[in-house]
Amino acid sequence: RPPAIAPTLTIRNSAPTRYCHSPPPARLRRARYLRAVHVEYCPFTAGSCGPGFLSLVRTPRVAEVAPKLEISHALLRKPADGATPPPEKLTLKFVDGATRSLDLSANRTQDVLEEIDLENGRLDTEALQRGKPWA
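This structure is a prediction, so every number in the text was calculated from the model and none was measured.

Rules of the game
- Residues numbered from 1 in each chain as written.
- Predicted model: local features only at pLDDT ≥ 70, side-chain atom pairs only at ≥ 80, totals over all residues.
- Heavy atoms only, no water.
- Pairing = 2+ DSSP bridges.
- Helix = DSSP H or I, 4+ residues; strand = E, 2+ residues; numbered from the N terminus.
- Axes fitted to C-alpha atoms, helices over the stretch in contact; angles between N-to-C directions.
- Contact = heavy atoms within 4.5 Å.
- Expected span 1.5 Å × (residues − 1).
- Buried < 20%, exposed > 50% of the residue type's maximum accessible area, 1.4 Å probe, protein only.
- Arc of directions from axis to C-beta.
- Salt bridge = Lys/Arg side-chain N within 4 Å of Asp/Glu carboxyl O.
- Phe/Tyr/Trp six-rings, centres within 6.5 Å; stacked < 30°, edge-to-face > 60°.
- Lys NZ or Arg CZ within 6 Å of the ring centre and 35° of its normal.

Trainee: Residues and numbers for the sheet that holds strand E6 (residues 99–103), please.
Mentor: Strand order in the open sheet formed by 4 strands is E4-E3-E5-E6, with mixed pairing between adjacent strands. Looking at strand neighbours, the two that pair on one side only are strand E4 (70–75) and E6, the edges of this open sheet. In this sheet, adjacent strand axes meet at a mean angle of 10° when their direction is disregarded. Most of the contacts of helix H4 (residues 109–130) go to strand E5 (residues 89–94), to which it runs at about 15°, and overall it touches strand E3 (34–41), E5 and E6.

Trainee: I'd like to hear about H4, residue by residue, with values.
Mentor: Across its 22 residues, H4 extends 32 Å between first and last C-alpha, which sits within 8% of the 32 Å expected from 1.5 Å per residue. If you check which residues of H4 are buried, you get Val112, Leu113, Ile116, Glu119, Asn120, Leu123 and Ala127. Seen along its axis, H4 keeps its buried residues to an arc of 120°; they face one direction. Exposed and facing more than 90 degrees away from the buried side of H4 are Leu118, Leu128 and Gln129. Downstream of H4 by one or two residues, glycine 131 has phi in the positive range, about 85°.

Trainee: For helix H2 (residues 50–57), give the residues involved together with the corresponding values.
Mentor: Those residues of H2 not exposed but buried are Gly50, Phe53, Leu54 and Val57. Buried positions in H2, seen along its axis, are confined to an arc of 100° and lie on one side of it.

Trainee: Explain the pairing of E5 residue by residue, including any values.
Mentor: Where burial is concerned, the two faces of E5 differ: the one with Leu90, Leu92 and Phe94 is buried and the one with Lys89, Thr91 and Lys93 is not. Across 6 bridges, E3 lies against E5 in antiparallel orientation. Bridging from a neighbouring strand, valine 39 pairs with leucine 90 of E5. Both E5 and E6 contribute to a ladder of 5 bridges, which runs antiparallel. Each residue of the ladder has a partner; that of threonine 91, found in E6, is serine 101. Where E5 folds back on E6, the antiparallel hairpin that results is connected by 4 residues, among which glycine 97 adopts a positive phi of roughly 95°.

Trainee: Talk me through the pattern of salt bridges; I want residue IDs and the actual numbers.
Mentor: Counted under the stated rule, the structure contains 8 salt bridges. Among the salt bridges present, the one from arginine 30 reaches aspartate 117, with a minimum N-O distance of 3.0 Å. In this pair, arginine 30 sits in the loop between helix H1 (26–29) and E3 while aspartate 117 sits in helix H4, placing the two residues 87 residues apart along the sequence. Residue aspartate 117 is classed as partly exposed on the basis of its relative accessible area, which comes to 35%. Of the charged contacts, one joins arginine 61 and glutamate 64 as a salt bridge, the two residues approaching to 3.8 Å between their closest N and O atoms. Of the two residues, arginine 61 and glutamate 64 both sit in helix H3 (residues 60–65), 3 residues apart, roughly one turn of that helix. When salt bridges with common partners are traced through the structure, they connect Asp96, Glu119, Arg122 and Glu126 into a single cluster.

Trainee: Would you mind going over the packing of aromatic side chains in detail, with residue names and values included?
Mentor: One pass over the structure, following the stated rule, counts 0 aromatic pairs. Taking the ring centre of tryptophan 134 as reference, the NZ or CZ of arginine 130 above it sits at 3.9 Å.

Set out below in C-alpha coordinates:
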(Lines give C-alpha, C1' and ligand atoms only; values in the text may rest on other atoms or scores of the structure.)
Protein backbone atom coordinates (compact mmCIF):
# COMPACT_ATOMS: atom_id res chain seq x y z
CA ARG A 1 0.00 0.00 0.00
CA PRO A 2 1.55 3.33 -0.96
CA PRO A 3 2.21 5.77 1.87
CA ALA A 4 -0.34 8.52 2.44
CA ILE A 5 0.68 11.82 0.93
CA ALA A 6 0.33 14.81 3.21
CA PRO A 7 -1.72 17.67 1.78
CA THR A 8 0.29 20.52 0.30
CA LEU A 9 -0.34 24.24 0.22
CA THR A 10 1.13 26.59 -2.35
CA ILE A 11 1.54 30.26 -1.50
CA ARG A 12 2.55 32.85 -4.16
CA ASN A 13 4.70 30.75 -6.45
CA SER A 14 6.63 29.26 -3.56
CA ALA A 15 7.49 25.62 -3.24
CA PRO A 16 4.77 23.37 -1.80
CA THR A 17 4.91 23.08 1.97
CA ARG A 18 3.34 20.50 4.23
CA TYR A 19 0.79 21.31 6.85
CA CYS A 20 2.37 21.24 10.27
CA HIS A 21 -0.07 18.57 11.51
CA SER A 22 0.33 15.76 9.00
CA PRO A 23 -1.09 12.40 10.08
CA PRO A 24 1.34 10.14 11.93
CA PRO A 25 2.82 7.17 10.08
CA ALA A 26 1.20 3.77 10.50
CA ARG A 27 3.98 2.50 12.77
CA LEU A 28 3.16 5.26 15.27
CA ARG A 29 -0.62 4.80 15.10
CA ARG A 30 -0.14 1.40 16.75
CA ALA A 31 0.17 3.13 20.11
CA ARG A 32 -3.12 5.05 19.91
CA TYR A 33 -5.08 2.49 21.97
CA LEU A 34 -2.29 1.57 24.40
CA ARG A 35 -2.58 2.92 27.93
CA ALA A 36 0.19 1.04 29.77
CA VAL A 37 3.28 -0.90 28.74
CA HIS A 38 5.39 -2.81 31.26
CA VAL A 39 8.50 -4.67 30.12
CA GLU A 40 10.46 -7.12 32.30
CA TYR A 41 13.75 -8.20 30.77
CA CYS A 42 17.27 -9.30 31.61
CA PRO A 43 19.82 -7.03 29.95
CA PHE A 44 22.41 -9.82 29.94
CA THR A 45 20.32 -12.21 27.84
CA ALA A 46 21.44 -12.43 24.23
CA GLY A 47 18.71 -11.68 21.72
CA SER A 48 16.35 -10.04 24.17
CA CYS A 49 13.70 -7.95 22.41
CA GLY A 50 12.78 -6.01 25.57
CA PRO A 51 15.25 -3.14 25.03
CA GLY A 52 14.35 -2.99 21.34
CA PHE A 53 10.65 -2.71 22.11
CA LEU A 54 11.30 -0.03 24.72
CA SER A 55 13.28 2.00 22.18
CA LEU A 56 10.29 1.87 19.82
CA VAL A 57 7.81 3.00 22.47
CA ARG A 58 9.90 5.73 24.15
CA THR A 59 10.05 8.26 21.34
CA PRO A 60 8.65 11.80 21.27
CA ARG A 61 6.45 10.95 18.27
CA VAL A 62 4.80 8.07 20.14
CA ALA A 63 4.20 10.43 23.06
CA GLU A 64 2.39 12.77 20.64
CA VAL A 65 0.17 9.98 19.31
CA ALA A 66 -0.56 8.42 22.71
CA PRO A 67 -0.19 11.06 25.45
CA LYS A 68 -1.89 8.82 28.06
CA LEU A 69 0.57 5.97 27.55
CA GLU A 70 2.45 4.93 30.71
CA ILE A 71 5.72 3.09 30.14
CA SER A 72 7.55 1.15 32.83
CA HIS A 73 10.21 -1.53 32.93
CA ALA A 74 11.89 -3.85 35.38
CA LEU A 75 15.29 -5.46 35.05
CA LEU A 76 15.50 -9.16 35.87
CA ARG A 77 18.60 -10.49 37.56
CA LYS A 78 20.66 -13.19 35.95
CA PRO A 79 20.90 -16.15 38.33
CA ALA A 80 24.38 -16.42 39.87
CA ASP A 81 24.43 -20.21 39.77
CA GLY A 82 24.00 -20.36 35.96
CA ALA A 83 20.38 -21.49 36.16
CA THR A 84 17.81 -20.48 33.61
CA PRO A 85 16.91 -16.79 33.92
CA PRO A 86 13.28 -15.92 34.63
CA PRO A 87 11.12 -15.45 31.53
CA GLU A 88 10.98 -11.99 30.02
CA LYS A 89 7.47 -10.53 29.93
CA LEU A 90 5.63 -7.72 28.23
CA THR A 91 2.32 -6.54 29.66
CA LEU A 92 0.11 -4.34 27.51
CA LYS A 93 -3.00 -2.57 28.77
CA PHE A 94 -5.44 -1.18 26.21
CA VAL A 95 -7.99 1.63 26.33
CA ASP A 96 -10.89 -0.75 27.10
CA GLY A 97 -9.06 -2.25 30.09
CA ALA A 98 -8.01 -5.45 28.31
CA THR A 99 -4.59 -6.70 29.38
CA ARG A 100 -2.29 -8.88 27.29
CA SER A 101 0.81 -10.59 28.66
CA LEU A 102 3.39 -11.81 26.17
CA ASP A 103 6.50 -13.89 26.72
CA LEU A 104 9.35 -11.90 25.18
CA SER A 105 11.74 -14.82 25.19
CA ALA A 106 9.48 -16.65 22.71
CA ASN A 107 8.53 -13.63 20.57
CA ARG A 108 10.37 -11.23 18.31
CA THR A 109 9.64 -7.51 18.24
CA GLN A 110 7.75 -7.98 14.96
CA ASP A 111 5.50 -10.59 16.62
CA VAL A 112 4.71 -8.15 19.42
CA LEU A 113 3.85 -5.40 16.92
CA GLU A 114 1.55 -7.80 15.04
CA GLU A 115 -0.20 -8.64 18.31
CA ILE A 116 -0.75 -4.92 18.97
CA ASP A 117 -2.13 -4.52 15.44
CA LEU A 118 -4.62 -7.34 16.08
CA GLU A 119 -5.83 -5.69 19.27
CA ASN A 120 -6.11 -2.33 17.51
CA GLY A 121 -8.27 -3.94 14.83
CA ARG A 122 -10.52 -5.39 17.52
CA LEU A 123 -10.82 -2.00 19.20
CA ASP A 124 -11.56 -0.26 15.88
CA THR A 125 -14.37 -2.74 15.26
CA GLU A 126 -15.80 -2.23 18.74
CA ALA A 127 -15.68 1.56 18.27
CA LEU A 128 -17.67 1.21 15.03
CA GLN A 129 -20.23 -1.03 16.74
CA ARG A 130 -20.57 1.38 19.67
CA GLY A 131 -20.91 4.35 17.36
CA LYS A 132 -18.35 6.47 19.16
CA PRO A 133 -14.55 6.50 19.22
CA TRP A 134 -12.42 5.53 22.18
CA ALA A 135 -11.36 8.47 24.32
